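# Commentary on secondary and tertiary structure
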Amino acid sequence: MSLELMFLSVNFNLITLGNYLGDLTGQVFVFFVLTVVAAESAIGLALLIVLFRSKKSIDVDDLSELKG
Amino acid sequence: MNIELITFFIFSALLIFTSIKVISSSNPVLSAINLVFSFFLSAVLWLLLGAEFLSIILILVYVGAVMVLFLFVVMMLDINIARKKAAYIKYLPLGLGVFIIFNLLIIYFFVNTFENINYNAVNNINIISESNTENLGYLLFTEYILEFEIAGLILLLGIIAAIVLTYRKNPDNKFQNPSKQIEVSKKDRLKVITGLKE
C-alpha cells in the first residue's frame, strides 16, 4: 500500500509539472503508469495469496529459505 | 482568496493527513480505507490541475478496481493486527536522504524556469480542443499508439500471471486432453469380435 502511495505521488508530480509546462505528455505518461501499476498490483496480490497458502504468514522476514 | 486556492489548501491538507494515516496505522484494513480516501482527495486536486480524464480514471480504476482487490485480499487473508516493529528507525536515514534529494530536484526545477523549452506534444500535431479528454485521446492514438498497445500487452500479462499463480487444479474437474484425443487410434476404440457363432 505504501507502494501505491508512492506511485500516486509520482503521478502527482507528472501532472503538476505537465500543467506547469503546458504539455500533455505528462498526462499520457500518467496513463501508462496507471496501467502498469494495475498489472503490478494484480500480480503482487496473487503472489501474496500463494505465499499465504504455503507459509500462513505474509511477513517477508519469514521468507528465509529457498525451498518451496 | 479565490475558491480554487481554498479548495486546494483544504484538500491537500486532508491528503497529507490521510497519507500519514496510511503508513502509520497498524490495521491493514484501516490503512487501505485511508488509501482510498487519499485517492479521492488527489482526484479532486488533479481536477483542479486540469486533468479531468485522469481524475475520473483514478476514481474508476483505482478506487473501483485496484483498491477493492486490495481490500478483498487483505480481508480474505485474515491478517491479525501487525506486530509492532521498531525496524523503521533503521530505514529513516535512507528515506530522509531520498526525500531531501527529490525536494532539491523539484526546487531546482521551479527556480530555473524552463520557459525556453518549446516542445509541446499538443501543438506538435496541431490538435487543440477545449476538452482535456479529447486532447489526451488524440495524443494517445497518434503519437503514442505503440506505447498504448504495449500497455495492453502488459495488462494481458498481468491477467495471465495472476491466474497462473493462484490456479489450483481440482481433481474432480472433468477436462479434455487434446493430445490424448489426437493420439487415439482405431484399435483403442473399436473392437472386432470374431469367432462368434450364431
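Treat the numbers as computed from the prediction; the structure is a model and nothing was measured.

It is worth spelling out the packing of helix 2 (residues 28–48) of chain B against helix 3 (residues 52–77) of chain B at this point. Residues and elements named next belong to chain B. Across the interface, helix 2 lies against helix 3 with an axial gap of 9 Å and an inter-helix angle of 175°. The orientation of helix 2 relative to helix 3 falls into the category roughly antiparallel. For the pair helix 2 and helix 3, contact is made by Pro-28, Val-29, Ala-32, Leu-35, Val-36, Phe-39, Phe-40, Ser-42, Ala-43, Trp-46 and Leu-47 and by Glu-52, Leu-54, Ser-55, Leu-58, Ile-59, Tyr-62, Val-63, Met-67, Phe-70, Leu-71, Val-74 and Met-75, respectively. Class assignment for the residues of the contact of helix 2 with helix 3 results in 20 nonpolar, 2 polar and 1 charged.

Residue-level contacts link 35 residues of chain A with 41 residues of chain B. Residue assignment for the side of chain A that touches chain B shows that the elements contributing at least two residues are helix 1 (2–21) and helix 2 (25–55) of chain A. It is helix 2 of chain A that contributes the most residues to the side of chain A that touches chain B, 21 residues altogether.

Among the nonpolar cores identified, the biggest contains 25 residues, and A:Ile15, B:Phe39, B:Trp46, B:Leu54 and B:Leu58 are the most heavily contacted of them. Put simply, the parts of the chain that give this core at least two residues each are helix 1 and helix 2 of chain A together with helix 2, helix 3 and helix 6 (132–142) of chain B. Here this core takes 6 residues from helix 3 of chain B, the largest share from any one element. Taken domain by domain, the makeup of this core includes at least three residues from each of domain 1 (1–84) and domain 2 (120–168) of chain B. Apart from residues lying up to four places away in sequence, B:Trp46 is in contact with A:Ile15, B:Ala51, B:Leu54, B:Ser55 and B:Leu58.

Cut-offs applied
Residues numbered from 1 in each chain as written. Chains lettered and ligands numbered in written order. Predicted model: local features only at pLDDT ≥ 70, side-chain atom pairs only at ≥ 80, totals over all residues. Axes fitted to C-alpha atoms, helices over the stretch in contact; angles between N-to-C directions. Helix = DSSP H or I, 4+ residues; strand = E, 2+ residues; numbered from the N terminus. Parallel < 35°, antiparallel > 145°, perpendicular 65-115°, else oblique. Contact = placed C-beta atoms within 7 Å. Nonpolar A, V, L, I, M, F, W, Y, C, P; charged D, E, K, R; others polar. Core = buried A, V, L, I, M, F, W, Y, C linked by C-beta atoms within 7 Å. Buried ≥ 20, exposed ≤ 12 C-beta atoms within 10 Å, placed from the backbone. Domains from an automatic or database assignment.

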